[in-house]
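One-letter residues, chain by chain:
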Amino acid sequence: MTSDNAYLLEKITRAGNFPCTFGKALVEKGNFMIDSFPTINTQETAAGICHGVYRFIEAFGIQKLGQLQKPQSHHFASYIAVFPEQKFLGNEDAAHALHSLFYQMHLYNKAQGNDWAEGVSNDPKSPQFSFSIGREAFFVPFLYSGSYSPARRSPIPLLVFNSHKLFDLLKR
């Protein structure tokens with residue numbers, strides 16, 4: 001992680017309009033892994049993000065979350081991919097780039113022998129849908145400057161991979 005990326009995350013989460021307490025806490029505690037990719041639309045980026053998520057799953061014990069009654073503080077963590085050189089022409093362009101990236105990541109993840117995570121749907125129209133990498137399910141907000149949602153605006157595009165198991169655990 002570069003200090004520039006850490007500084008950017010601090011700046012985003014400390015902005016007065018950033019509503020996510022989880023995001024604020026993980027940046028404050030340093031419970032995240034971050035990788036930077038020039039742009040979002042390459043197979044190399046898709047493979048690099050998959051490998052980053054695989055490292056994250058291992059480093060933070062994500063696969064064991066389903067066995068816990070209560071998460072420990074180190075489980076409140078995220079993997080973040082930033083794209084400092086990426087520019088979008090508008091929301092449609094951003095949505096297309098994101099869908100293309102997720103498709104490339106899915107193909108790469110499948111080629112690595114990883115099935116879809118158990119307990120979630122692979123149908124994006126299903127209420128049980130969750131994106132899956134490394135046999136783990138993730139809720140993945142996409143932040144970028146032109147987002148319709150003020151809570152998802154960032155000066156540079158970034159993806160935040162949050163463990164679906166952690167959110168399920170917190171609901172109990």
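Refer to the structure above for everything that follows.
The rules behind each value
Residues numbered from 1 in each chain as written. Predicted model: local features only at pLDDT ≥ 70, side-chain atom pairs only at ≥ 80, totals over all residues. Heavy atoms only, no water. Helix = DSSP H or I, 4+ residues; strand = E, 2+ residues; numbered from the N terminus. Contact = heavy atoms within 4.5 Å. Areas by Shrake-Rupley, 256 points an atom, 1.4 Å probe, with all protein chains shown as cover. Salt bridge = Lys/Arg side-chain N within 4 Å of Asp/Glu carboxyl O. Buried < 20%, exposed > 50% of the residue type's maximum accessible area, 1.4 Å probe, protein only. Phe/Tyr/Trp six-rings, centres within 6.5 Å; stacked < 30°, edge-to-face > 60°. Polar contact = N/O pair within 3.5 Å; in protein donor to acceptor, adjacent residues only side chain to side chain. Pairing = 2+ DSSP bridges.

Turning to the overall build of the protein chain, a few remarks are in order. Across its full length, the protein chain carries five helices and six strands. Walking the protein chain from its N terminus toward its C terminus, one meets helices and strands in the order α-α-β-α-β-α-β-β-β-β-α. Taking all contacts inside the protein chain whose residues are at least 6 apart in sequence as the whole, residues at least 24 apart take part in 66%. In the form shown here, the protein chain has an accessible surface area of approximately 9,700 Å², with 52% of it arising from carbon and sulfur atoms.

Take the pattern of salt bridges next. By the definition in use, this model includes one salt bridge. Put simply, R55 and D35 hold a salt bridge, and the shortest N to O gap is 2.7 Å. One end of the pair, R55, is in helix α3 (residues 43–59); the other, D35, is in strand β1 (residues 32–36), and 20 residues separate them in sequence.

A word on unusual backbone geometry. Backbone geometry places R135, a non-glycine residue, at a positive phi of 65°. By secondary structure assignment, the location of R135 is in the loop between β3 (131–133) and β4 (136–139). Given the relative accessible area of 45%, R135 is considered partly exposed.

Our next topic: the packing of aromatic side chains. Taken as a whole, this structure holds 11 aromatic pairs when the rule is applied. A ring pair is formed by F102 and F131, whose centres lie 4.3 Å apart and whose planes are at 20°; its orientation type is stacked. Placement of F102 in helix α4 (residues 91–111) and of F131 in strand β3 is noted, with a sequence separation of 29 residues between them. The pair F102 / F131 is uniform in exposure class, with both members buried. Pairing W116 with F131 gives two aromatic rings, centres 6.1 Å apart and planes at 90°, and the pair type is edge-to-face. Note that W116 is positioned in the loop between α4 and β3 and F131 in strand β3, a separation of 15 residues in sequence. Taken together, the aromatic side chains of F56, F60, Y79, F138 and F161 make up a single cluster linked through ring pairs.

Glancing now at the environment of L158. Mapped onto the fold, L158 is located in strand β6 (residues 158–163). L158 sits 122 residues away from S36 along the chain, and the two C-alpha atoms are 9.0 Å apart.

Its place among the elements puts S78 in strand β2 (residues 78–82). S78 gets classed as buried once you look at its relative accessible area, which sits at 0%. Looking at S78, its side chain comes within polar contact range of the side chain of N162, at 2.5 Å.

With respect to burial, β2 is a largely interior element, five of its five residues being buried. Burial along β2 is two-sided: S78, I80 and V82 and Y79 and A81, pointing in opposite directions, are all buried. With five bridges connecting them, β2 and β6 associate as antiparallel partners. Its bridge partner lying in β6, S78 is registered against N162.

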